Amino acid sequence: MNKGGPIIIIEDDKDDQDILTEVFTDIECKNEIIFFSDGEQALEYLTSTEVEPFIIFSDINMPKLGGMELRAKIHENEDLRLKSIPYLFFSTSAEQKHVVDAYSKSIQGFFVKPTSYSSIKETIKTIVSYWESCVSPNYVK
C-alpha cells in the first residue's frame, strides 16, 4: 500500500463526486483524488500505470463495468493484487447479497454513504485515518 499514492474514486454520480471533492479538501487530505465514472476507465488506468494508489473507493452500480466485476478483475490481476490497494465499497445502499458477495471477493470494507455532509466527512476521515495507520504486506520501513 502506497500511503502517498492517489485515492481512486469510482463514482458515476457527478453530485457525489463534487461532495467527495469537498470532503477530501475539508479533511485536508494530501493525496491526489482521481475520479472515474465507470469501472472500465478505472481498470484501464490501474493496469496501464505504474502509480500505486493508496485506496480505491468504488460504487457498486455503475455503467459498463460494475463495482463487483471490477473488484474481481483487480483481484485476479497479480500485479494489482501485489500492490495491496485497499478496495472499499462506498454505495448508497447495502443489499445483503451485495455485502456477502463483496466480502467473498476479499473486499476491505463496505460503507453506506451517509445522507448528511457532516456524516460523510466523518466517515471518510475515519476510513483514511485507519488506512494511514495500517501496515500492508508490501510495507517498507
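Computed from a predicted model, the values in this text were never measured in an experiment.

1. Section: the pairing of strand β1 (residues 7-10)
In the case of a regular strand, side chains alternate between the two sheet surfaces. Of the two faces of β1, the one holding I7 and I9 and the one holding I8 and I10 are both buried throughout. The pairing of β1 with strand β2 (residues 33-36) spans four bridges and is parallel. Note on β2: the bridge partner recorded for I10 is F36. Assessed by its sense of winding, the connection that carries the chain from β1 through helix α1 (residues 14-26) to β2 is right-handed. Here β1 runs beside strand β3 (residues 55-58); their pairing, made up of four bridges, is parallel. What sits directly across from I9, in β3, is F57.

2. What to know about α1
End to end, α1 covers 18 Å across 13 residues, agreeing with the expected 18 Å (1.5 Å per residue, within 8%). Packing partners of the buried residues in α1 comprise β1, β2, β3, β4 (87-91) and α6 (117-133). Backbone geometry just downstream of α1 places E28 in the positive-phi region, at approximately 60 degrees.

3. Regarding unusual backbone geometry
Although it is not a glycine, E28 adopts a positive phi angle of roughly 60 degrees. Within the secondary structure layout, E28 lies in the loop between α1 and β2. Even without glycine at this site, S84 takes up a positive phi of about 50 degrees. Note that S84 resides in the loop between α4 (78-82) and β4.

4. Some points on the packing of α1 against α6
At a minimum axis separation of 10 Å, α1 and α6 run at an interaxial angle of 60 degrees. When the axis of α1 is compared with that of α6, the two are oblique. You can see that α1 and α6 cross each other, and the crossing is right-handed. On α6, the residues touching I19, L20, E22, V23, F24 and D26 of α1 are Y117, I120, K121, I124 and V128. Residues that form the contact of α1 with α6 fall into these classes: eight nonpolar, no polar and three charged.

5. Topic: the sheet that holds β2
Taken in spatial order, the five strands of this open sheet run β2-β1-β3-β4-β5, and their pairing is parallel. Whereas interior strands pair on both sides, the edge strands pair on one side only; in this sheet they are β2 and β5 (109-112). Neighbour to neighbour, the strand axes of the sheet diverge by 20 degrees on average, direction disregarded. Against the sheet, helix α5 (residues 96-104) touches β4 and β5, its axis set at about 155 degrees to β5. The sheet strands contacting α6 are β1, β3, β4 and β5, and the helix crosses β4 at an angle near 175 degrees.

About the cut-offs
- Every chain's residues receive numbers from 1 upward, in the order its sequence appears when written.
- The predicted origin of the model limits local features to residues at a pLDDT of at least 70 and limits the giving and counting of side-chain atom pairs to 80 or more, whereas totals for whole chains, interfaces and linings rest on all residues.
- Hydrogens and water are ignored here; the side-chain numbers use all heavy atoms of the structure.
- Under the scheme applied here, a residue whose accessible area is under 20% of the maximum for its type counts as buried, over 50% as exposed, and between as partly exposed, the area being computed with a 1.4 Å probe on protein chains only.
- A run of H or I in DSSP counts as a helix once it spans at least four residues, and a run of E counts as a strand once it spans at least two, with each numbered from the N terminus.
- Only strands joined by at least two bridges in the DSSP assignment are considered to pair.
- With the strands aimed away from the viewer, a crossover counts as right-handed if its path from the first strand over the helix to the second runs clockwise.
- The length a helix should cover is 1.5 Å for every residue beyond the first.
- The criterion used for residue contact is that any of the two residues' heavy atoms lie within 4.5 Å.
- Only the stretch in contact is used when a helix axis is fitted, and all axes are lines through C-alpha atoms; the angle between N-to-C directions ranges over 0 to 180 degrees.
- Roughly parallel covers angles under 35 degrees, roughly antiparallel covers those over 145, roughly perpendicular covers 65 to 115, and oblique covers all other angles.
- Note: crossing handedness is left-handed where the near helix turns anticlockwise from the far helix by less than a right angle, and right-handed where it turns clockwise.
- Throughout, the ten residues Ala, Val, Leu, Ile, Met, Phe, Trp, Tyr, Cys and Pro are labelled nonpolar, Asp, Glu, Lys and Arg are labelled charged, and all others, Gly among them, are labelled polar.

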